[in-house]
Structure formats: C-alpha cells, structure tokens
Amino acid sequence: MTDITRLEEQIAHLTRTVDDLSEIVARQEKELAVLTRRMHMVMERVATREVDSGGTVPLADERPPHW
C-alpha cells in the first residue's frame, strides 16, 4: 500500500468521523432546544402554582439568603 493510498484512507475515515460527529451535535442541539423549552414551561407552571397558592415570590425569582 502506498503512502498516498494510506493517507487517502485516513482522510476518508476522518471525514466520515467528522460527518458523524456533526450529525450528533445537530441532533443534540435540537434535543437541547426542546428540553430548554420544556424546562421553561415547567418553571412557569411552578411559579403560577406558587402565586396561586398564596406565595408572594415564585422560587425562580427569589434571591438566595446570602445576597
């Protein structure tokens, strides 16, 4: 096997690896966007329930005691 052939095979392998990783990153980006939207929806529901149950400040807006 010549050096050029070996290099071409390595380039093909690396190109495939980069393509695979790119697909994985794109899929994870979509999943992260969905999970972020869902988290915000849950936080809004919890804040609404807190206010509806007589709470004065939703937990998401409350400052920690050390501030």
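Above this text is the structure in question.
What you are looking at is a predicted structure, and each value in this text was computed from that prediction instead of being measured. The written sequence of each chain sets the order in which its residues are numbered from 1. Where totals are concerned, whole chains, interfaces and linings use all residues; where local detail is concerned, this predicted model gives features only for residues with pLDDT of at least 70, and gives and counts side-chain atom pairs only at 80 or more. Only hydrogens and water are removed before side-chain values are computed, so all heavy atoms of the structure are retained for them.

Caption draft 1: A look at the overall build of the protein. Each helix corresponds to a stretch of at least 4 residues labelled H or I by DSSP, and each strand to a stretch of at least 2 residues labelled E; elements are numbered beginning at the N terminus. Helices and strands together make up the secondary structure of the protein, namely one helix and zero strands. Scored against the burial criterion, the 67 residues of the protein give a buried share of 1%. Shrake-Rupley sampling with a 1.4 Å probe provides the accessible areas, and residues are treated as covered by the protein chains on show and by no other component. Total accessible area computed for the protein in this model is approximately 6400 Å², and 59% of it derives from carbon and sulfur atoms. Only protein chains enter the accessibility calculation, which uses a 1.4 Å probe. A residue is then buried if its area is under 20% of the maximum for its type, exposed if over 50%, and partly exposed in between.

Caption draft 2: How the structure looks around helix 1 (residues 3-52). Expected span of a helix, by definition, is 1.5 Å for each gap between consecutive residues, and there is one gap fewer than residues. For helix 1, spanning 50 residues, the distance from its first C-alpha to its last is 72 Å, which sits close to the expected 74 Å at 1.5 Å a residue. Phi turns positive, to about 100°, at Gly-54, one or two residues after helix 1.

Caption draft 3: Expanded view of the pattern of salt bridges. One side-chain nitrogen of Lys or Arg within 4 Å of one carboxyl oxygen of Asp or Glu is enough to make a salt bridge. Applying the stated criterion across every chain, the model contains three salt bridges. Close ionic contact of Arg-6 with Asp-3 constitutes a salt bridge, the shortest N to O distance being 2.8 Å. Residue Arg-6 and its partner Asp-3 are located together in helix 1, separated by three residues, close to a single helical turn. By relative accessible area, Asp-3 is classed as exposed at 51%.

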